[in-house]
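Coordinate analysis (summary)
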Amino acid sequence: MLKVGLIGIGFIGRAHLDQYLRLEQENYPIRVTAICDTDPKKFEGEFTEGNIGVGNADYDFSKYNLYTDLNDMLASEAFDYIDIALPTFLHDSVAIQVLEKGFNVLCEKPMALDSKRCEEMLAASRKSGKYLMIGQCLRFWPAYEYLKECVDRNTWGAVRSARFYRASSAPIWSNQNWLLDETRSGGALVDFHVHDADMIRWLFGNPEAVTAIGRNVFPGSGYDILSAQYRYPDRKVVSAEADWSLPPSLGFEMSFRVGFDEAAVVFAGGTVTVYPKDGPSLTPELSPDTGFYREIVYLADCLRNGVKPSVSLGHDVAESIRLVEAEKSSADAGGRWIEFK
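Overview of the structure. (Residues numbered from 1 in each chain as written. Predicted model: local features only at pLDDT ≥ 70, side-chain atom pairs only at ≥ 80, totals over all residues. Heavy atoms only, no water.)

Among the structural elements, Ser125 can be located in helix H4 (residues 115–128). In this structure Ser125 comes out as buried when scored by relative accessible area, which is 12%. (Helix = DSSP H or I, 4+ residues; strand = E, 2+ residues; numbered from the N terminus. Buried < 20%, exposed > 50% of the residue type's maximum accessible area, 1.4 Å probe, protein only.)

In structure tokens:
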């Protein structure tokens, strides 16, 4: 039975907790045994961020060892890994603290606010000999896994073009509005768009260069709208757009459209559709599970089988933070191409 410590039960922490509760119902040998959050009212069911589509109305927190001080939890408990579901500006310091205590880490994305902090996290992982996995959940999302398979297996030939899109209304639900504070979240560029920047690297490797333009809408939030293009040696046309300034009535959207030599693969409205050059369209049968569930199962399977995780480890994901930093440099310079080495 794997023992997990969960740090933070805000929006994403409850999204993670739901996955562990599901796994418990499925008799998978993993349990959250302790939870730490600095706000004790959350253990009474009072969530400042509301449920906003995540989490149960009522949690039975009596089944967990509860802490408001991380030092106390780390000194009192034994874990197979610790799940860090905190605001971005806390990721590096808390991950380093946990690694130094000798625990493996699953840290929610983005890895950290900047590449320097990422390097400090990696150094702590190397020194401790413990795993540092980052929750870039798209790498485990069935639609994106299918796309990765098509690219790697050359199922439909070479990629000619790829467009990724992510949009929502402003995340004004965050505690103390931290998501709209660039100094704490990195803004849409680091918190939101990093999903697609990381996916582009996962699919195609590092680009030679990147160009981006952005616009700030909410004071102090950084770039709320961003459009980026990536240059590759084979001249495929790759772009990604992000916008979290849209009206709430539009809802959330994540999508992609990838053109191969022999087909187009499109993800829209939660469905993947393949449009072959010859013949009718087809819809591949994919798992209904989310990336949140699948990333936890992946890490747990690795630990149970004594296998080193190979997907979404810190040394790889840190490169995605470097990439969004290059995009910011480009946007700050009015769209100048930035070499990415």
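Still more ground to cover, so stick around.
This part covers the side chain of Asp289. Considering the arrangement of structural elements, one finds Asp289 in the loop between strand S13 (271–276) and helix H9 (291–305). Looking at Asp289, the relative accessible area reads 17%, which means it is buried. Of the polar contacts made by the side chain of Asp289, one reaches the side chain of Arg22; its length is 2.9 Å. Ignoring sequence-local partners within four residues, the contact set of Asp289 consists of Arg22, Pro142 and Arg294. (Polar contact = N/O pair within 3.5 Å; in protein donor to acceptor, adjacent residues only side chain to side chain. Contact = heavy atoms within 4.5 Å.)

Glancing now at the sheet that holds strand S8 (residues 209–215). Spatial ordering of the open sheet is given by S13-S12-S11-S7-S10-S9-S8-S14, a layout of 8 strands whose pairing is mixed. Strand pairing shows two members of the sheet lacking a second neighbour, S13 and strand S14 (338–339), which therefore form its edges. When S8 meets S14, the two strands line up antiparallel, connected through 2 bridges. By the bridge assignment for S14, Val210 is matched with Ile338. Sheet strands in contact with helix H5 (residues 142–153) are strand S7 (159–167), strand S11 (253–260), strand S12 (263–268) and S13, and its direction is about 15° off that of S11. Packed on one face of the sheet, helix H8 (residues 194–204) meets S7, strand S9 (225–231) and strand S10 (237–243) and runs near 160° to S7. (Pairing = 2+ DSSP bridges. Axes fitted to C-alpha atoms, helices over the stretch in contact; angles between N-to-C directions.)

To continue, consider the pattern of salt bridges. Under the definition given, this model contains 25 salt bridges. A salt bridge links Asp289 to Arg22, with the shortest nitrogen-to-oxygen separation between them at 2.9 Å. Taken together, the positions of Asp289 in the loop between S13 and H9 and Arg22 in helix H1 (residues 11–25) put the pair 267 residues apart, joining distant regions of the chain. Relative accessible area serves as the criterion here: at 28%, Arg22 is assigned to the partly exposed category. (Salt bridge = Lys/Arg side-chain N within 4 Å of Asp/Glu carboxyl O.)

Let us now look at the sheet that holds strand S1 (residues 2–7). Taking strand neighbours across the sheet as the criterion, the 6 strands line up as S3-S2-S1-S4-S5-S6 in an open arrangement whose pairing is parallel. The sheet is open, and its two edges are formed by strand S3 (65–67) and strand S6 (132–135), each paired on a single side. Neighbour-to-neighbour, the strand axes of this sheet turn through a mean angle of 25°, independent of strand direction. Alignment of strand S5 (residues 104–108) against S6, held across 4 bridges, turns out to be parallel. The residue of S6 that forms the bridge with Leu106 is Met133.

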